[in-house]
Amino acid sequence: MKKVRGMRVIEYLLTVLVIVTLNFALPRAMPGDPFLIMSETEEDVVVLTEEQREYYFELYGLDKPITEQYVSYLGDLLRGDLGLSIYYNEDVSTIILRRLPWTLFLVISTVILRTIIGSLLGTISAWCRGNFFDQFLFFNLITISEIPAFITGLLILFVFSAMLGLFPLSGAMSHFTTYESLWEQIVDILHHAFLPIITLTLARLGGIYLLARNSVITVIQKDYLVTARAKGLSKGRILLRHILRNAMLPIVTRTFLSLGSLVGGAILVENVFNYPGLGLLMQEAVNVHDYTLIQGIFLVVALFVLVANLMADLIYKHLDPRIESQEQTTS
Amino acid sequence: MNEDNQYLLEVNGLSVIYGSEDNKLKAVDGLSLQMKEGETIGVIGESGSGKSTLALAIMGLIKGGEIKGEIVYDGHDLVGLSEKELKEFRWQKVALVFQNSLEVLNPVLTIGEQIREPLQTHYDLSKKELEGRVIELLNLVGLNPEWRNHYPHNLSGGMRQRVLLAMALSCDPELLIIDEPTTALDPASKEEILQLLNKLQKRLGFAMLMISHDLGTIKELTSQVMTMYCGQVVEVGLTEKVFKDPLHPYTRGLLNSSPNLFKYKDLWGIEGEVSQGKGCAFSPRCCQSGENCNDSRPSLEYVALERMVACHKGGIEKFLEARDIKKTYRMKGKEVKAVKGVNLEIKSGEVVALVGKSGSGKSTVAHTLVGVKDFDEGEIYYRGKKVEDNWATKMIGGMQIVFQDPSSSISSRLRVLDAIKEPLDIIKWGNQEARKEKVVECLQKVQLPASKEFLDRYCHALSGGQRQRIAIARALVTEPKLLIADEITSSLDPSTQANLLRKLKALQNRAGFAMLYITHDLHLVRKIADKVCVMHGGEIVERGVSFEILENPKHGYTKKLLSNAFRSLI
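Residues numbered from 1 in each chain as written. Chains lettered and ligands numbered in written order. Predicted model: local features only at pLDDT ≥ 70, side-chain atom pairs only at ≥ 80, totals over all residues. Heavy atoms only, no water.

(A) Focus on helix α7 (residues 149–163) of chain A. Residue and element names in this part refer to chain A. With 15 residues, α7 extends 20 Å between its outermost C-alpha atoms, agreeing within 8% with the 21 Å of an ideal straight helix rising 1.5 Å per residue. The sharpest bend along α7 comes to roughly 25 degrees, located at Leu-157. Among the residues of α7, those classed as buried are Ala-149, Thr-152, Gly-153, Ile-156, Leu-157 and Ser-161. Next to the buried residues of α7 lie α8 (182–220) and α11 (259–273). Phi turns positive one or two residues past the end of α7, at Gly-165, with a value near 65 degrees. (Helix = DSSP H or I, 4+ residues; strand = E, 2+ residues; numbered from the N terminus. Expected span 1.5 Å × (residues − 1). Bend = angle between axes of the 7 residues up to and from the residue. Buried < 20%, exposed > 50% of the residue type's maximum accessible area, 1.4 Å probe, protein only. Contact = heavy atoms within 4.5 Å.)

Right under this line is the structure:
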């Protein structure tokens, strides 16, 4: 048991190291350099001379050999220092921390919404498997989830914000307003976040729905359901303790594992809705070749996925008593 | 229970049909069953005979199948009730111990919760009372209550069986249906579970419907038994009587396939496949199926008190019946009472061993049965017809005898061919060619050469063992249904003896061939006999099913005989 846990820790550490290394290498493999952009911007007539370029290279340590850069990068990371943004001239960690809550808000709301709605619809579908309602849900949800999120987003934005004017076109909060109460602020934030969250949820609903439907269908056919019926249990108890309790296992795993790709989806949707999260920041950073910022965002997203994985592991172990004994037998 | 209801459970003409219109499968086919309070009934049959479907049908758990007929529980017809209405009966009145597997318990709930669940649903108990009851139940089935916080996969098969039992007993059911309680358990746990079931049934007094293909379990735990084949009941009776004297060939086949009943006997499964036609479903596998067997389904009829059989022939056919045979030899004014009123019964497909020491009258009995010797008193019937004037031995498919001493029973002046062909010549069967073909066939059966050279050889030129085999071949040439074999293998070498007996055994299982096997060799008897009659001083002192006589002899003489024969083994 201890040995297995030890192995797990080593696994996670190795993964972190690989992520960090890739993170270090990828931006440097991109064509061009940040100071080229700075020197080529047409509106700002900040043209850098050769001396200035060299100065900046030295300032950011880009003139040193690659191994030295790597080692100092690792050292900085250990201290929690993600470096200085080249473009914004501000601490990367400060910038990310400012933007991160918005993305987390989007992603977490979406996860909760779509897991609940998807599982519910999937269960209903499985319950009346084969009849019209099941077929209706099946066809529509699969179709919707096949449409890329940004197209759905554009469509929704166009209809609800541009045409009907029900929701704001962009942003996370109304600018230049002072809120009279906390409640007013919350309403404003929800008002802004509503469409992005709906877009993301719609795009991600199909997968969970299908999984829930299959999972419930599988569980319904199990022998222990015959046992439950034989015992004369109530329908509610059978559904909750026997069907859903078992059917939720794969759903939980999938939910946590999909957090990573959900962040990816959020980046696209944030761009469509001009929502000030990490996604929008990333787009800006890529445009200006802001290495340190890009690295910082990548790292945060990667660690986020890793944490999600770890949570899935821990929660699953708690939900499925069979896992623990398997580990016992392997150790 | 209502006073005016005679039965706790009454199933009338129950059919469970699966599949679509053009591909119907009747898992249960017109089954009827009555059960009184506290009764124990066993249901036996091969896998797929519909036993488990019956259990599920009684509980109202059939999914996707059509149900016809009535299931009357305590005056209420359960067929067609909604899930909500069934709730009243499920578990509180009728509970089911499922066939043990990991799948029947919910893998993510503790066993405590799974035992508690029905109590929570059916009774209004406080948390503390529930906990107390769970502990009580686990103690009742002999499982440490500490296990209640564990999950099904933490438990061994035997422990899970106890959990299933505790779960089933939680609401004090009046009827407990138990599906295969001991399969996949090691012998020790199996024995424990059987003891436990026995004890609990006696203490709690619930009626028990026990489904199993393990006949040992059924024998120990039930007072009545029902044999199911293809969804139909083919035999019903008291367990003790059915096991001693099965009347349906299928029941007998099941008994013969059970190593725990006949410990030393050869195992013989039932060959063949199920009939799909309108006739008796068992007829292709039956050793006594006749023409009318394929015309219609036999119905379940009473053949004796508390005994029913579904067979066109009224159960396993009786080949030979001898009543009160008496024979006295008179020599020089001295009377020797050789046979003093012997009754004998041989059924189709049965090997009856007649054992006893020399001079006990065994051979005399054999000779009188086939009419070689007259008898003073008594009657003999072959297939229901009185035996007179040798008609039963003068036919194809009749009775034949093989004498003990081949040198005197086969004329040394005959050639092999003529010696074997003789019975056919007498009854003028077929032409010479056909008769010769038959002779060759029989020679092969007894492992003798069938060359022309051998056929033309004179019998006096053969060894004792060869002449014995010639005698057997001569008996087999008329394809007898019943063979009276008087020490026929004593002069054969072990290998030939084994081969011959296996051939006869195969004939017995396939064609219903029966044999009265007279011998001293109790080791052989233990291997081949279905029934044993022990003869001593002209009387049959003990008779019965071979496993009972050989395992547990009652008569002093039998005990002596057995201890002499098996001393070397003990």
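On we go.
(B) Quick peek at helix α6 (residues 132–146) of chain A. Residues and elements named next belong to chain A. Spanning 15 residues, α6 covers 21 Å between terminal C-alpha atoms, matching the ideal 21 Å at 1.5 Å per step. For α6, the set of buried residues is Asp-134, Leu-137 and Leu-141. Projected down its long axis, α6 shows its buried positions confined to an angular sector of 65 degrees, all on one face. Projecting away from the buried face of α6 at angles above 90 degrees are the exposed residues Phe-132, Phe-139 and Glu-146. On the buried face of α6, the contacting elements are α5 (92–127) and α8. Here α6 starts with a cap whose side-chain oxygen sits 3.1 Å from the backbone nitrogen of Phe-133, and that cap is Asn-131. (Arc of directions from axis to C-beta. Polar contact = N/O pair within 3.5 Å; in protein donor to acceptor, adjacent residues only side chain to side chain.)

(C) Just a nonpolar patch on the surface, in detail. Together, Phe158(A), Val159(A), Phe160(A), Met163(A), Leu164(A) and Leu166(A) give the surface a local cluster of nonpolar side chains, amounting to about 570 Å² of exposed area. Residue position: Met163(A) is located in helix α7. (Patch = residues over 30% accessible without salt bridge, like charges linked within 9 Å, V, L, I, M, F, W, Y side chains within 5 Å. Areas by Shrake-Rupley, 256 points an atom, 1.4 Å probe, with all protein chains shown as cover. Salt bridge = Lys/Arg side-chain N within 4 Å of Asp/Glu carboxyl O.)

(D) A look at the interface of chain A and chain B. In this assembly, 23 residues from chain A lie in contact with 29 residues from chain B. Between chain A and chain B we count six salt bridges in total. For Lys231(A), the salt bridge is made with Glu117(B), and the minimal N-O distance between the two is 3.0 Å. Viewed at the interface, chain B and chain A are joined by 15 residue pairs in polar contact (both at pLDDT 80 or more). Residues that form the side of chain A that touches chain B fall into these classes: eight nonpolar, six polar and nine charged. (Nonpolar A, V, L, I, M, F, W, Y, C, P; charged D, E, K, R; others polar.)

(E) Layout of the sheet that holds strand β4 (residues 66–73) of chain B. All names here are of chain B. On the basis of which strands lie adjacent, the open sheet formed by four strands has the order β2-β1-β4-β5 and antiparallel pairing. Across the chains shown, the open sheet's two edge strands, defined by having one partner strand only, are β2 (25–35) and β5 (76–77). In the sheet, strand β1 (residues 9–18) pairs with β4 via seven bridges, with the strands oriented antiparallel. Among the inter-strand pairings, Val-16 is bridged to a residue of β4, identified as Ile-67. Contacts from helix α1 (residues 51–58) reach β1, β2 and β4 within the one sheet, and its direction differs from that of β1 by about 115 degrees. (Pairing = 2+ DSSP bridges. Axes fitted to C-alpha atoms, helices over the stretch in contact; angles between N-to-C directions.)

(F) Layout of the packing of aromatic side chains. According to the stated counting rule, one finds ten aromatic pairs over all chains in the structure shown. Look at Tyr229(B) and Phe282(B): their rings are 5.1 Å apart centre to centre, the planes differ by 85 degrees, and that puts the pair in the edge-to-face class. One end of the pair, Tyr229(B), is in strand β9 (residues 224–229); the other, Phe282(B), is in the loop between α9 (249–256) and β11 (301–304), and 53 residues separate them in sequence. The two residues Tyr229(B) and Phe282(B) agree in class, both being buried. Three or more aromatic residues joined by ring pairs make a cluster, and in this case those are Phe24(A), Tyr70(A) and Tyr73(A). A cation over an aromatic ring shows up here: Arg526(B) above the ring of Phe566(B), its NZ or CZ 4.2 Å from the ring centre. (Phe/Tyr/Trp six-rings, centres within 6.5 Å; stacked < 30°, edge-to-face > 60°. Lys NZ or Arg CZ within 6 Å of the ring centre and 35° of its normal.)

(G) Here's a closer look at the packing of helix α5 (residues 157–169) of chain B against helix α6 (residues 187–204) of chain B. All names here are of chain B. The N-to-C vectors of α5 and α6 enclose an angle of 15 degrees; their axes lie 10 Å apart at closest approach. It follows that α5 is roughly parallel to α6 by the angle criterion. As α5 runs across α6, the sense of the crossing is right-handed. On α6, the residues that touch Gly-158, Gln-161, Arg-162, Leu-165 and Leu-169 of α5 are Ser-189, Glu-192, Ile-193, Leu-196, Leu-197, Leu-200 and Leu-204. A breakdown of the residues in the contact of α5 with α6 according to their chemical character gives seven nonpolar, three polar and two charged. (Parallel < 35°, antiparallel > 145°, perpendicular 65-115°, else oblique. Left-handed = near helix turned anticlockwise from the far one by under 90°.)

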